[in-house]
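Fold and contact review
As a plain string of letters, each chain reads:
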Amino acid sequence: MAAWFVVRAAVANPADRAAFDEWYRREHLPDAMKAFSTRVAWRGWSKSDPSIHCAYYRFESLDRIEAILAGTAITALIAEFDRCWNGRVTRTREVLDVAEEVGVG
């Protein structure tokens, strides 16, 4: 069963939103997909709270995410994120163990 790795970022200053969006689109999402060797990812902004950005990375298994989280690939991505946004964007990470998928094929 699939699993998802979710990164929730809070962009503190609304003036940073456009630059963050462009950086994530142009650099971080492609870099993360390559580092994670995942083919499926999507991201978006919350309509409930415009400061919240979430990125979702789909993996074939929970074991694969756990291997990524224990490896060096994510360490490099975290360091680059911190270098670019430290203090201006905070984030949390979640691992979702999919219980059921419907209509996926």
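Residues numbered from 1 in each chain as written. Predicted model: local features only at pLDDT ≥ 70, side-chain atom pairs only at ≥ 80, totals over all residues. Heavy atoms only, no water.

Relative to the elements of secondary structure, G44 occurs in strand β2 (residues 40-45). The spacing of G44 and R93 is 49 residues in sequence and 15 Å in space, taken between C-alpha atoms. With near-sequence residues (within four places) excluded, G44 lies in contact with I52, H53 and C54. (Helix = DSSP H or I, 4+ residues; strand = E, 2+ residues; numbered from the N terminus. Contact = heavy atoms within 4.5 Å.)

In this description, an aromatic ring pair is defined by two values, namely the gap between the centres and the angle between the planes. Per the counting criterion, the structure on display carries 14 aromatic pairs. Between the aromatic rings of F20 and W45, the centroid separation amounts to 6.0 Å while the plane-to-plane angle is 75 degrees, which identifies the pairing as edge-to-face. Here F20, found in helix α1 (residues 17-36), pairs with W45, found in strand β2; they are 25 residues apart in sequence, far enough to count as distant. Considering the side-chain rings of W42 and Y56, the 4.1 Å spacing of their centres and the 10 degrees angle between planes classify their relative orientation as stacked. Of this pair, W42 sits in strand β2 while Y56 is found in strand β3 (residues 52-59), placing the two residues 14 residues apart along the sequence. (Phe/Tyr/Trp six-rings, centres within 6.5 Å; stacked < 30°, edge-to-face > 60°.)

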